[in-house]
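A closer look at the structure
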Amino acid sequence: MSQASNRHRELVKEIRKLDQAYYQEAQPLISDQEYDQLYRELLDLEAAHPDLRTPDSPSQRVGGEPLSHFTSVPHALPMQSLDNTYSASELESFVDRIQKSLEGEKLGFVIEPKIDGVAVSVRYEHGKFIQGLTRGDGQKGDDITANLRTIKNLPLEIKSKAPVLEVRGEVYYPQAAFDKLNRQREAAGEATFANPRNAAAGTLKQLDSRLVAKRPLSIVLYGPGELRGVECATQQEWLELVAKIGLPVPERTWFCETKAELLNAIEDLDQARKGFSYATDGAVVKLNEWRLRNALGATSKAPRWAIAYKYSAEKAVTTLDNVSFQVGRTGVITPVAELKPVLLAGTTVARATLHNFEEIKRKDIRLGDHVTIEKAGEIIPAVLGAVTEARTGAEKVIEPPKACPACETELGWDGIFLRCPNPSCPAQTQRKIQHFAQRGAMDIDGMGEALVEQLVEAGLAKDPADLYQLTEEKLLTLERMAEKSARNVLAGIEASKQADLWRLIFGLGILHVGAGSARALANHFGSLEEIEKATEEDLLKIRDVGDVVAQSIVTWFAREENRELLHRLRTAGVNTKAQQVAVRADGTNLAGKTFVLTGTLSEPRENVKERILAAGGKVSGSVSKKTNYVVAGENAGSKLEDAQRLGVTVLTEAEFAELAKD
Ligand code: IVH
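A few words now on the sheet that holds strand E23 (residues 629–632). As summarised here, the arrangement of the four strands in space is E22-E21-E23-E24, forming an open sheet in which the pairing is parallel. Strand pairing shows two members of the sheet lacking a second neighbour, strand E22 (618–620) and strand E24 (649–651), which therefore form its edges. Looking at each pair of strands side by side, their axes are set apart by 35° on average, direction ignored. Note that E23 and E24 share three bridges and pair parallel. The residue of E24 that forms the bridge with Val 630 is Val 650. Across the face of the sheet, helix H23 (residues 605–614) comes into contact with strand E21 (594–598) and E22 while running at roughly 175° to E21.

This is the structure in structure tokens:
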């Protein structure tokens, strides 16, 4: 045994040294093959002598048994957020404010990259990594120790024996690896992540650390948490200390004493950040001296001694070839820029919103202009402004149209919005019906954009209720409509009569009522009839419903034509009751249904799975159109998003329990 434990000690020491060189210093000391051999020897040794497998062994990076849920743990010190600014003058005011509060003190600032990752706190006691938490609500976070252990550049042991050394930082998905991940997911038909931050957050939410170990997450640390037995007086000293004990810190930071130096550093960082392996969306300006920080203190949300300066999103310049006018569901006309296609943030952009005519005027954007466009994350590209220096004189002022492009009715102004006042405008009708039938709402199979357009053009559908009056005969009058497709469309329409109430509410297109509020309304009131009766006061009792939404709902239900629409939907047999009731009544229960479980459930996932299987249901690992229900616990991540995207019914645990009742 002592021979085994000696060899184990040697191997652990050697592998740690190699890991440090590879992951922290990017200086591999031996070939991958040689490393794999040593690593395999370690695993074999631990398999033969399980007592040697301590939590800080490098073997533990591969992850352990899945957890049933994350435990919520209070932070030793709260994890605060930062105040943000996009403006240099606000940054200068920040410095002035501090100088005023700390009269007579000489100030110094450290500028660090603002890493666009997931905030975490890692805790070492007597040199050993013992716990890692997410930020959570700032007071308490989820214990993600097992997941953090798998992050290769996070040492499980540091070169400091301080009784408590807590460090805060960001877990991130390295840019290059992220691109590869999304390409693979796309090829496999899986949902792609919106951005690297989203991928890091989704990965850290996994309860199975073995899956986390397969993803190349990385960490960078910059802030102090609870410290015992650590002497330190400034941010500069702190970053030096953190690096010295073997932890990864931001690759570049700046020290500044004046406002001018500060603005220079921020510009420098803007250039440098392109070479960082993590996405950097800004600069964090921190007062260097901790003594002065303490003197300034914090507001309830953020410290007074730091501020985040955010860089604007990625931009490109191209020409504005044309402007088209889109008629929305409510008749609002949106000017859309038709651009010379240009590559921006990884995608080709040929159209961008111009928002409204007020904006066009304010920005003085003209046809033929060179324009700057911007895209931040998944947001639709927008035109920021014209490059006036590039004008030739041939550019033309963009005039608002006088008549609706769809129905030629004279347009009218509604505040800053230009609106088509014709309630039977075909473009509005088409958008209303499309919204009603879409996957996320009534989910009518076969009712795509092209068919809706044909139906509206042929005068067969003037509102969503008309869909329920369609017959095979009527459908067959449409061009290119064969009997088989007509029957399929009718089957889709028939099936939608059973859709859950929230889908109907969302599908009605009430201003400000998204899928989330529609669910909340359905859950709270149980039936459309009860919602119709509700006053603003009743509506405000729902957590997700505020003043604006409540008012919009009451106004919608008060209008005669909407009451008439509901009457026709009801007469056609469209379900107006929330599903929990409907399901219990017809006793469908779990048999034959496919479930996907996601997030943290209050009981072990295996138990829930067994119950479903025992009742004749199926449990699948990923969400598809075939999934009947997604049971979402706390912290549900990408599967919940998938469900929402595909319009799959999402149940809370309580709703599931109700459904599973005999
Ligand atoms: S300091 C009490 N430094 O940005 C001050 N935060 O938008 C704590 N972040 O909550 C934050 N890079 O999660 C600090 N170099 C950096 C940072 C950074 C990214 C995150 C952090 C913070 C958020 C605020």
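On to the nonpolar core, then. Judged by nonpolar contacts, the single largest core of 69 residues is most densely connected at Ile 111 and Leu 154. For this core, the leading source of residues is helix H9 (residues 259–272), giving five residues. Those residues in contact with Ile 111, other than ones at most four positions away along the chain, are Thr 253, Trp 254, Cys 256, Leu 262, Ala 265, Ile 266, Leu 269, Ala 283, Val 284 and Val 285. Counting 54 residues, the second largest nonpolar core, distinct from the first, contains Leu 475, Ile 531, Ala 534 and Leu 539.

Let us look at the sheet that holds strand E9 (residues 254–256). Strand order in the open sheet formed by five strands is E2-E11-E10-E3-E9, with mixed pairing between adjacent strands. Single-partner strands in this sheet number two, and they are strand E2 (84–85) and E9. With five bridges connecting them, strand E10 (residues 280–287) and strand E11 (residues 306–310) associate as antiparallel partners. In the sheet register, Lys 286 faces E11, and the bridge partner there is Ala 306. Strands strand E3 (109–115), E9 and E10 of the sheet are contacted by helix H8 (residues 235–244), whose axis makes an angle of about 50° with E3.

Okay, the pairing of E11 next. When you tally the buried positions in E11, you get five out of five residues, the bulk of the element. Neither face of E11 is left uncovered, since the one carrying Ala 306, Ala 308 and Lys 310 and the one carrying Ile 307 and Tyr 309 both have all their residues buried. Two elements, E2 and E11, share two bridges in a ladder whose sense is parallel. The residue of E11 that forms the bridge with Thr 85 is Tyr 309.

Taken N-terminus to C-terminus, the directions of helix H3 (residues 88–101) and H9 make an angle of 135°; their axes are 10 Å apart at the nearest point. One element, H3, and the other, H9, form an angle in the oblique class. Where H3 crosses over H9, the two elements pack in a sense that is right-handed. Residues Ala 88, Leu 91, Glu 92, Val 95 and Asp 96 of H3 form the contact with H9, whose participating residues are Lys 259, Leu 262, Leu 263 and Ile 266. Considering only residue class, the contact of H3 with H9 consists of six nonpolar, no polar and three charged.

A few words now on the site of the ligand. Near the ligand, the surroundings consist of 14 residues, among which Glu 112, Ile 115, Arg 135, Glu 170 and Lys 286 are the closest. Between the ligand and Ile 115, the relevant distance is 3.0 Å, taken from a nitrogen atom to a main-chain nitrogen or oxygen of the residue. Breaking the shell around the ligand down by element, the ones donating at least two residues are E3 and E10. When residues in the shell around the ligand are grouped by element, the largest group, four residues, is from E3. Residue composition of the shell around the ligand, by class: seven nonpolar, two polar and five charged.

Buried residues of helix H13 (residues 449–457): Leu 451, Val 452, Gln 454, Leu 455 and Val 456, and no others. Packed against the buried residues of H13 are helix H12 (426–437), helix H14 (472–475) and helix H15 (483–496). Count one or two residues on from H13 and you reach Gly 459, which has phi positive near 75°.

On to the pattern of salt bridges. Scanning the entire structure with this criterion turns up 47 salt bridges. Salt-bridge contacts for Arg 123 lead to Glu 166; the nearest nitrogen and oxygen are separated by 2.8 Å. Linking Arg 123 in strand E4 (residues 118–125) with Glu 166 in strand E7 (residues 164–172), this pair joins segments that are 43 residues apart in sequence. A relative accessible area of 12% means that Arg 123 is categorised as buried. Its salt-bridge partner being Glu 359, residue Lys 363 comes within 2.9 Å of it at the nearest N-O pair. With a gap of four residues between them, Lys 363 and Glu 359 both fall in helix H11 (residues 357–363), about one helical turn apart. Residue classification places Glu 359 among the buried positions, given a relative accessible area of 18%. In this structure, a network of salt bridges that share partners links the residues Arg 123, Glu 125, Glu 166, Arg 168, Glu 226 and Arg 228.

Now for the packing of aromatic side chains. Tallied over the full model, the rule gives 14 aromatic pairs. Where Phe 357 meets Trp 413, the ring centres are 6.1 Å apart and the plane angle is 90°; that geometry is what we call edge-to-face. In this pair, Phe 357 sits in helix H11 while Trp 413 sits in strand E19 (residues 412–414), placing the two residues 56 residues apart along the sequence. Residue classification places Phe 357 among the buried residues on the basis of a relative accessible area of 6%. Between Phe 595 and Tyr 629 the ring centres are 5.3 Å apart and the planes differ by 25°, which places this aromatic pair in the stacked class. Linking Phe 595 in strand E21 with Tyr 629 in strand E23, this pair joins segments that are 34 residues apart in sequence. Look at Phe 595 and you get buried, because its relative accessible area is 0%.

Bringing the packing of helix H20 (residues 547–558) against helix H21 (residues 560–571) into the picture now. Think of two packed helices as two axes; the pair is described by the angle between the axes and how far apart they sit. Their axes nearest at 5 Å, the elements H20 and H21 cross at an angle of 75°. Taken together, H20 and H21 sit at an angle that is classed as roughly perpendicular. Two secondary-structure elements touch here, H20 through Trp 556, Phe 557 and Ala 558 and H21 through Glu 560, Asn 562, Arg 563, Leu 565 and Leu 566. Looking at side-chain class alone, the contact of H20 with H21 contains five nonpolar, one polar and two charged residues.

A positive phi angle, close to 50°, is found at Asp 364, a residue other than glycine. Phi at Glu 408 takes a positive value of approximately 65°, unusual for a residue other than glycine.

Conventions and cut-offs
- Residues numbered from 1 in each chain as written.
- Predicted model: local features only at pLDDT ≥ 70, side-chain atom pairs only at ≥ 80, totals over all residues.
- Heavy atoms only, no water.
- Pairing = 2+ DSSP bridges.
- Helix = DSSP H or I, 4+ residues; strand = E, 2+ residues; numbered from the N terminus.
- Axes fitted to C-alpha atoms, helices over the stretch in contact; angles between N-to-C directions.
- Contact = heavy atoms within 4.5 Å.
- Core = buried A, V, L, I, M, F, W, Y, C linked by side-chain atoms within 4.5 Å.
- Buried < 20%, exposed > 50% of the residue type's maximum accessible area, 1.4 Å probe, protein only.
- Parallel < 35°, antiparallel > 145°, perpendicular 65-115°, else oblique.
- Left-handed = near helix turned anticlockwise from the far one by under 90°.
- Nonpolar A, V, L, I, M, F, W, Y, C, P; charged D, E, K, R; others polar.
- Near = heavy atom within 4 Å.
- Polar contact = N/O pair within 3.5 Å; in protein donor to acceptor, adjacent residues only side chain to side chain.
- Salt bridge = Lys/Arg side-chain N within 4 Å of Asp/Glu carboxyl O.
- Phe/Tyr/Trp six-rings, centres within 6.5 Å; stacked < 30°, edge-to-face > 60°.

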